[in-house]
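What the coordinates show
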Amino acid sequence: MIEPGNSTTSTGTTQNTVRPTVPLTVGVEEEFLLVDVRTLRVVPAAPQVLATAAGLPGEMHPEGTRYQVEISTPVADSAASLRAELLTLRRTLGRAARAHGCRLLAAPSPVLAVEGPLHLTDDEPRQREQHRRFGALTDTLVSCGRHVHIGTLDVDTAVAVSNRIRPWLPTLIALAANSPFWGGRDTGHSSWRAMAWSGWPSAGPPPHFTSTAHFRRSVQTLLGSGAALDTKMVYWDLRPSGHWPTLEFRAPDMSPSVDSAVLQAELARALVATALREIREQRPEPALRDDVLRLARWRAAHDGLEGFGLDPYTGTELPAADLAEALLDLVAPELAVAGDLDHAAKTLAGLLRDGSGAHRQRAAYARRQDLTDVLRHLVDETEDF
């Protein structure tokens, strides 16, 4: 079991400026692909689906391509209310998709290769400029993640908390790993989305920030260098939101299971609460080497939950399941305070028993070596309301 509290301390943090805010709230953004009800290939039907959904309850938005749609939950103060909102939004969007001959695909990738030129959200000049500047990197826009927002946090607090949470980002990636197939082939990774997004110059693990000013300078460097068009393109796995008083977790793959979505939110909120408690208690911040964190991130994306990961503090190889249980142990006190411990423990036990999304996709493929079986499995799981 890893024990981050025994690590050597680092210096120069912003912990003395932190003003903790309780209770912590949570909101989730989920991105879906739209697939043809018969062929299960992606279709650029987002404008029509969103127009149909416009008169229905819920927050729904376009994404980077016309193959995608996004839902955003209202701010929730409990996991139970978050789960109810996710179910309502998924059902509403699913009905709108069916009205246009589509089904929802809660997966990071379309599995099969996208045919022809990409259908970008062409009424957005920003999307056209992104495509012009970044070229083939925009191919990775046809992918879906799940973003978890924890608030309310001012920027100083969010930066200090980010420094303490980032060692656990690889474990969150392993728990959510759900993109083994991409472009019609098995990538050899459990979360190819995590690797594909690593190609963007503004993506990957967030830096360790010595101050809020350091964070702001890092963002300005991305903008000034041309690596990002705007703050929305700060694609770090974890970032203080540019639009809301939240810390935004961006690492997890999209997955069909609502309970897995709630687990990610529960763990994210408990990690923030744990970091805030450590800061209040003036506990030293464990040292972390950026090169080891980057290797741990790759190993999590490669092996997922079924293989091995790296202790981000030492680089020691450990079973990914042990790392997941270590994370649960670390945040168990905060999960218990929020009333989330039973659900989080039960959902994690189910993942360890039944396998990650990536494992289940490969099992579906193994039956006939047919990728349409994978897609059928995914859409059925997505619509298992």
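Data block above holds the structure.
Residues numbered from 1 in each chain as written. Predicted model: local features only at pLDDT ≥ 70, side-chain atom pairs only at ≥ 80, totals over all residues. Heavy atoms only, no water.

Remarks on the overall build of the chain
- Along its length, the chain carries 13 helices and 13 strands.
- What you see for the chain is a C-alpha radius of gyration of 20 Å, in line with the 21 Å of a compact globule of 385 residues.
- The principal-axis extents of the C-alpha atoms in the chain amount to approximately 55 × 45 × 35 Å.
- Here the chain holds 385 residues, and the buried ones make up 56% of them.
- Total accessible area on the chain stands at roughly 15,600 Å², and carbon and sulfur atoms take up 53% of it. (Helix = DSSP H or I, 4+ residues; strand = E, 2+ residues; numbered from the N terminus. Rg over C-alpha atoms; globule rule 2.2 N^0.38 Å. Buried < 20%, exposed > 50% of the residue type's maximum accessible area, 1.4 Å probe, protein only. Areas by Shrake-Rupley, 256 points an atom, 1.4 Å probe, with all protein chains shown as cover.)

So, the packing of helix α4 (residues 155-165) against helix α8 (residues 258-280)
- Taken N-terminus to C-terminus, the directions of α4 and α8 make an angle of 105°; their axes are 9 Å apart at the nearest point. One element, α4, and the other, α8, form an angle in the roughly perpendicular class. Where α4 approaches α8, its residues Thr157, Ala160, Val161, Arg164 and Ile165 are matched on the opposing element by Leu271, Val272, Ala275, Leu276, Glu278 and Ile279. (Axes fitted to C-alpha atoms, helices over the stretch in contact; angles between N-to-C directions. Parallel < 35°, antiparallel > 145°, perpendicular 65-115°, else oblique. Contact = heavy atoms within 4.5 Å.)

Some remarks on the environment of Ala363
- By the element assignment, Ala363 lies in helix α12 (residues 357-368).
- With 108 residues separating them in the primary sequence, Ala363 and Ser255 have C-alpha atoms 16 Å apart.

Let's talk about the state of the cysteines
- Enumeration over the complete set of coordinates arrives at 0 disulfides.
- The thiol of Cys102 is not disulfide-bonded; the next cysteine sulfur, from Cys144, is found 14 Å away. (Disulfide = S-S within 2.5 Å.)

What about helix α11 (residues 341-354)?
- When the terminal C-alpha atoms of α11 are compared, their 20 Å separation across 14 residues agrees well with the 20 Å that a helix rising 1.5 Å per residue should span.
- Listing the buried residues of α11 in full gives Ala344, Thr347, Leu348, Gly350 and Leu351. The arc enclosing the buried residues of α11, seen along the axis, measures out at 155°, which places them on a common side. Looking at α11, the residues exposed on the side facing more than 90 degrees away from the buried face are Asp342, Lys346 and Arg353.
- A positive backbone phi angle near 100° is found at Gly355, which sits one or two residues after α11. (Expected span 1.5 Å × (residues − 1). Arc of directions from axis to C-beta.)

Topic: the nonpolar core
- Counting 84 residues, the largest nonpolar core has Leu34, Ile165, Leu175, Leu247, Phe249, Leu267 and Val272 as the members making the most contacts within it.
- The element that contributes the greatest number of residues to this core is α8, accounting for 14 residues. (Core = buried A, V, L, I, M, F, W, Y, C linked by side-chain atoms within 4.5 Å.)

Describing helix α13 (residues 371-382)
- Taking 1.5 Å as the rise per residue, α13 with 12 residues should run 16 Å; its terminal C-alpha atoms sit 17 Å apart, in good agreement.
- If you check which residues of α13 are buried, you get Leu371, Asp373, Val374, Leu375, His377, Leu378, Val379 and Thr382.

Notes on the packing of aromatic side chains
- Under the counting rule described, the total for this entry stands at 8 aromatic pairs.
- Here Trp197 and Trp200 contribute two aromatic rings whose centre-to-centre distance is 5.8 Å and whose plane-to-plane angle is 25°, an arrangement assigned as stacked.
- Ring centres of Phe209 and Phe215 lie 5.4 Å apart, and the angle between their planes is 80°; this geometry places the pair in the edge-to-face category.
- For Phe209, a relative accessible area of 1% gives the class buried. (Phe/Tyr/Trp six-rings, centres within 6.5 Å; stacked < 30°, edge-to-face > 60°.)

A look at unusual backbone geometry
- Note that the residue after Gly151, namely Thr152, is joined by a cis bond; omega there is 0°.
- Along the polypeptide, Thr152 turns up in the loop between β5 (146-151) and α4.
- Not every positive phi belongs to a glycine, and Leu40 is a case in point at roughly 65°.
- Here Leu40 shows up in the loop between β1 (25-36) and α1 (46-53).

Focus on the side chain of Asp311
- Structurally, Asp311 is set in the loop between β12 (308-310) and β13 (317-319).
- Among buried charged residues, Asp311 stands out as having no salt bridge; its nearest opposite-charge side chain is Arg289, 11 Å away.
- Looking at Asp311, its side chain comes within polar contact range of the main-chain nitrogen of Tyr313, at 2.8 Å. (Lys, Arg positive; Asp, Glu negative; His and termini not counted. Salt bridge = Lys/Arg side-chain N within 4 Å of Asp/Glu carboxyl O. Polar contact = N/O pair within 3.5 Å; in protein donor to acceptor, adjacent residues only side chain to side chain.)

Concerning the pattern of salt bridges
- For the coordinates displayed, the defined rule picks out 28 salt bridges.
- Among the ionic pairs, Arg132 bridges to Glu129, the shortest N-O distance being 2.6 Å. With Arg132 and Glu129 both in helix α3 (residues 125-134), this residue pair falls 3 residues apart, about one helical turn.
- Bridged by salt links that share partners, the residues Arg98, Arg103, Asp380 and Glu383 form one connected network.

What about the environment of His343?
- Here His343 shows up in helix α11.
- In the structure, His343 is positioned 77 residues away from Glu266 in sequence and 8.9 Å away in space, judged by C-alpha atoms.
- Discounting chain neighbours no more than four positions away, the residues touching His343 are Asp259, Val262, Leu263 and Glu266.
- A polar contact is formed between the side chain of His343 and the side chain of Glu266, at a distance of 3.0 Å.

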